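This is what each chain is made of:
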Amino acid sequence: QVQLVESGGGLVQAGGSLRLSCAASGRTFSNYAMAWFRQAPGKEREFVASIDRSGYYTYYTDSVKGRSTISRDNAKNTVYLQMNSLKPEDTATYYCAASFRATARMYNTAECDYWGQGTQVTVSS
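Residues numbered from 1 in each chain as written. Predicted model: local features only at pLDDT ≥ 70, side-chain atom pairs only at ≥ 80, totals over all residues. Heavy atoms only, no water.

Asker: Got a minute to help me understand the environment of Val121 in this structure?
Answerer: Structurally, the position occupied by Val121 is in strand E11 (residues 119-124). A sequence separation of 111 residues divides Val121 from Gly10, and the C-alpha atoms of the two residues are 5.0 Å apart. Once residues lying within four places of it in the same chain are set aside, the contact partners of Val121 are Gly9, Gly10, Leu18, Leu20, Met83, Asp90, Thr91, Ala92 and Tyr94. (Helix = DSSP H or I, 4+ residues; strand = E, 2+ residues; numbered from the N terminus. Contact = heavy atoms within 4.5 Å.)

Asker: Honestly, the pattern of salt bridges in this entry has me stumped. Any pointers?
Answerer: Once the charged atoms of two side chains with opposite charge are near each other, the side chains can pair. Under the criterion given, the structure shown has 6 salt bridges. Between Arg67 and Asp90 there is a salt bridge, with its nearest N and O atoms 2.8 Å apart. One end of the pair, Arg67, is in the loop between strand E6 (58-60) and strand E7 (68-73); the other, Asp90, is in the loop between strand E8 (78-83) and strand E9 (92-99), and 23 residues separate them in sequence. Comparing Arg67 with Asp90 shows no difference in burial state: the two are buried. The salt bridge involving Arg105 is made with Glu111; its shortest N-O contact spans 3.1 Å. Through salt bridges with shared partners, a single ionic network connects Arg38, Glu46, Arg67 and Asp90. (Salt bridge = Lys/Arg side-chain N within 4 Å of Asp/Glu carboxyl O. Buried < 20%, exposed > 50% of the residue type's maximum accessible area, 1.4 Å probe, protein only.)

Here it is, written out as structure tokens:
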């Protein structure tokens, strides 16, 4: 089992920045690729970004590419999502997830093995 706890969400004005964190405990963190997803009210959960086990390779969905950076610190068992130039359409609950698949690529929800509870991000216009 891997337990994931997100933090860092909040209310921010459009154009602002937030840094989300996801702290992992349980099994060896560095065995997993990590991903961020988000879910807006009334919409399906969608992939945002992923990072491979080493932290060297990353992958982003087009809507956040160039504005967001995913990173990880395996010594601290933590993955981060730095989000800049935030837009109202970024408003959602953000979830981190761990996958045995280990690579940085687009993931769907079924490919992720563990999930956090989510942290709310609200971007005002």
